[in-house]
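Analysis of the macromolecular model
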Amino acid sequence: MATTPEARFSARVRDGLKALGCDIERIENRVNLGVPDMLVGVDNCFVMMELKVVHSGLKVKLRPHQIAFLVRHTAKGRPCFVLVLRVGGEVLKPEQVFLYHGRDALALAADGLRLPPLAVWPSRGMNWAELKEKLSTPAN
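Residues numbered from 1 in each chain as written. Predicted model: local features only at pLDDT ≥ 70, side-chain atom pairs only at ≥ 80, totals over all residues. Heavy atoms only, no water.

Regarding the overall build of the chain
In plain terms, the rule: The numbering of helices and of strands both runs from the N terminus, where a helix is a DSSP run of H or I of at least 4 residues and a strand a run of E of at least 2. Every radius of gyration here is taken over C-alpha atoms, with the globule rule written as 2.2 Å times N^0.38, N being the number of residues. Accessible area is worked out with a 1.4 Å probe on protein chains only. A residue is then buried under 20% of its type maximum, exposed over 50%, and partly exposed in between. Contacts between residues were defined by any pair of non-hydrogen atoms, one from each residue, lying within 4.5 Å.
When you go through the chain residue by residue, the secondary structure sums to 4 helices and 6 strands. Scaling as 2.2 N^0.38, a compact globule of 140 residues should have a C-alpha radius of gyration of about 14 Å, and the chain matches this with 14 Å. Buried positions account for 41% of the 140 residues belonging to the chain. Look at the contacts in the chain between residues 6 or more apart in sequence, and 51% of them connect residues 24 or more apart.

Next comes the structure, spelled out in structure tokens:
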């Protein structure tokens, strides 16, 4: 049973993308630090995805080894993304989901949610098909 906001977010992402035919592997890795949380099979490719939850403010807490992994692999053309849930729940600050490319990990750690995302959705109206499309689009 998912009890933390992070675990609930992970379960939502898994269920939302699985319903569209994606294969999801949750990675629990305490040996190779920095490896993203999910390996997502989208159509005929794999995508790595780091999941983050922002509880207050705009700071996205990426650790140095996570930044290094994301930047190193995206520089070689391997698709990596960061999916961020900003927890809110208030009328003036509803929950939102932000998608960032892995190559922007350093800027994301520095600027937080001020950094323009690839896409943003309301959490309650999450468009899983659009997320799947963004994940399967080759990076420029």
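Here the narrative resumes.
Here's the deal with the environment of Lys132
With respect to the helices and strands, the residue Lys132 is situated in helix α4 (residues 128-136). Its relative accessible area of 18% is what places Lys132 among the buried residues. Between the alpha carbons of Lys132 and Glu50 there is a distance of 15 Å; along the sequence they are 82 residues apart. Once residues lying within four places of it in the same chain are set aside, the contact partners of Lys132 are Leu17, Leu20, Cys22, Val42 and Asp43.

Examining the packing of helix α1 (residues 5-18) against α4
Inclusion rule: Only the stretch in contact is used when a helix axis is fitted, and all axes are lines through C-alpha atoms; the angle between N-to-C directions ranges over 0 to 180 degrees. Should an angle fall under 35 degrees it is called roughly parallel, over 145 degrees roughly antiparallel, and 65 to 115 degrees roughly perpendicular, with every other angle called oblique. Gly falls in the polar group here, along with every residue not listed as nonpolar (Ala, Val, Leu, Ile, Met, Phe, Trp, Tyr, Cys, Pro) or charged (Asp, Glu, Lys, Arg).
The geometry of α1 relative to α4 is characterised by a closest axis approach of 9 Å and an angle of 85 degrees between their N-to-C directions. As summarised for this structure, α1 and α4 are arranged roughly perpendicular, according to the angle between their axes. Along its contact with α1, which presents Arg12, Val13, Gly16 and Leu17, the element α4 presents Trp128, Leu131, Lys132 and Leu135. In the contact of α1 with α4, the residues fall into 5 nonpolar, 1 polar and 2 charged.

Here's the deal with α1
Defined as follows: Here a helix's expected span is defined as the number of its residues, less one, multiplied by 1.5 Å.
Along its 14 residues, α1 runs 20 Å from first to last C-alpha, staying within 8% of the 20 Å computed at 1.5 Å per residue. Phe9, Ser10, Ala11, Val13, Gly16 and Leu17 are the residues of α1 that are buried. Residues of α1 that are buried make contact with β1 (23-26), β2 (38-42), β3 (45-54), β4 (80-86), β5 (96-101) and α4.

Quick notes on the side chain of His101
Quick reminder of the rule: Under the rule applied, a polar contact is a pair of N or O atoms within 3.5 Å (in protein, one hydrogen donor and one hydrogen acceptor; residues adjacent in sequence only if both atoms are side-chain atoms).
Note that His101 resides in strand β5. Judged by relative accessible area, His101 falls into the buried class, the value being 6%. Among the polar contacts listed, one links the side chain of His101 to the backbone nitrogen of Arg103, at a separation of 3.1 Å.

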